[in-house]
Amino acid sequence: MKWLMIALLAVSGPVLAQGKSGGSDAKAAARSPVEIKLWSVHATNTHQNMDARLKRIAKHLGNLKFSGFDLLGRQSVDLKVKAKKKFAIVGKRAVHVTVLSRDEKRARVKVQIVGAKGTLLDTTVSIRRNGFFIVAGPKHRDGVLVLPIFARY
Amino acid sequence: MGEYSTLELTPEQSAKTRLVDGIATDGDIELLGDVDVSAAVSLRDDLRWALLQSDAPSIAAQVMARVGAVGADVGGVVRDEAGLEDAVVASVMGRLGVDEGVGSQLRGALVQEAGSAPSLWAEIAPSVGAEAPMSLGDMLRGAVTEEVGNDFVPSPWFAPQRNRWAMGAAAGAVFAAAAALLLYVGLAGGGDQVAEATMGPLLEAPVDIEELDAGDNQAVQVLQFGSEAPTIILIEDIDGEAP
């Protein structure tokens, strides 16, 4: 037990020291903005082309049962904690993004997708730093709309 | 007995009759001598011709119709031939039935005598990796439930070649977790599907879903392909209309 306590102190010591000295830095970082990127992708079966600008996420889009993917647009904004942004997307829909909080590893983001008939999706997610997730489903022309949402900071 | 009359022929008439029929004996020929039998032959031919011209009555159809309508008196035959009592005959005929075919009655009698065939599932089950007492239907239902969960909403969205674990949420369903809700599907080792669901956050997961609320008539599925893959939230209109 004695050796176990020593080992725990050896491991936690540097962390505690960093916490005491870097407290102000952590608070400042927590107030720094998060870059939210929203891509609008049209998934369709009318062709089998993958937009070259989607190369980074092509393998993930391949999970969807569509053969072709077109990038319709890219939007981005820097949002501070508690800030909210409305992204207008095709089909008279809108994506409301609110950054609730952030830390070194994750950003908590509230995402609401609103269509002509009301709210389609209302979710709060914790995105890994520089990570992203995908919302898919709203119909668009002969396919569906796929919305990759990134959190960069 | 009824009354009837007889006509006795003379020896000469009898010999003449046999002569015209072609069966005359030497005595008949000697007896008749030079007697002219042409008239008798002519009469015979006329009678024969008259009989051939008359339509023979077709009795076969009438006989068969009559027989068919009456049916075989099986009970009577059994009673007469075996000398059984009426009660026994009635019992036998009751078992056979009067209007039904013997075939169905015979099958029923055989099943009743032999009993139902034993189930083959006990012999088949081990070959398909199941236990004999286990219901095949329950086994399949259990497997499906274990794989996809009770709220799974079938969707044609995903390519069938990919292993996946899907969680479906009906419209208005809200997922709220104290820490985070993680849905994670990993392909580990040789490709065996490993499905994990935990309420605690895992740092390697791209997204933890804390709350998830779909609009009216919306179905939601959350999917995760691999530890480094982005979480995918699918929304689909239940009525098939564009959301």
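The rules we used
Residue numbers restart at each chain and count upward from 1, following the sequence in its written direction. For naming, the first written chain is A and the first written ligand is 1, with later ones following in the order written. Totals for whole chains, interfaces and linings use all residues, but because this is a predicted model, local features are given only for residues with pLDDT of at least 70 and pairs of side-chain atoms are given and counted only at 80 or more. A strand pair is defined by DSSP finding two or more bridges across the two strands. To qualify as a helix, a DSSP run of H or I must reach at least 4 residues; to qualify as a strand, a run of E must reach at least 2; elements of each kind are numbered from the N terminus. Lines fitted to C-alpha atoms define the axes, with helix axes restricted to the stretch in contact, and inter-axis angles between N-to-C directions lie between 0 and 180 degrees. For every residue, the other C-beta atoms within 10 Å of its own C-beta are counted; 20 or more classify it as buried, 12 or fewer as exposed, and values in between as partly exposed. C-beta atoms are placed from the backbone. In this description, a residue-residue contact is defined by the distance between C-beta atoms placed from the backbone, which must lie within 7 Å.

Chemist: Would you mind going over the sheet that holds strand β5 (residues 106-115) of chain A in detail, with residue names and values included?
Modeler: Taken in spatial order, the five strands line up as β3(A)-β4(A)-β5(A)-β6(A)-β4(B) in an open sheet, and their pairing is antiparallel. If you trace the sheet from one side to the other, it starts and ends with β3 (84-89) of chain A together with β4 (207-214) of chain B, each paired once. Looking at each pair of strands side by side, their axes are set apart by 15 degrees on average, direction ignored. Examined bridge by bridge, strand β4 (residues 93-102) of chain A and β5(A) share eight bridges and lie antiparallel to one another. Paired with V97(A) across the strands is V111(A), a residue of β5(A).

Chemist: How would you explain the environment of F132(A) if you had to name every residue and give the values?
Modeler: Following the sequence through the fold, F132(A) ends up in strand β7 (residues 132-140). The buried category is assigned to F132(A), around which 22 C-beta atoms lie within 10 Å. Distance in space between the C-alpha atoms of F132(A) and L38(A) is 9.6 Å, their sequence separation being 94 residues. Non-local contacts of F132(A), meaning those with residues more than four positions away in its chain, are made with I127(A), P148(A), I149(A), F150(A), A151(A) and P230(B).

Chemist: Which residues make up the pairing of β4(B), and what values go with them?
Modeler: Side-chain direction in a regular strand flips from residue to residue, so the side chains alternate between the two faces of the sheet. Across the eight residues of β4(B), six count as buried, placing the element largely inside the fold. Sheet topology places strand β6 (residues 118-128) of chain A next to β4(B); seven bridges connect them, and they run antiparallel. Counterpart to I127(A) in the pairing with β4(B) is V207(B).

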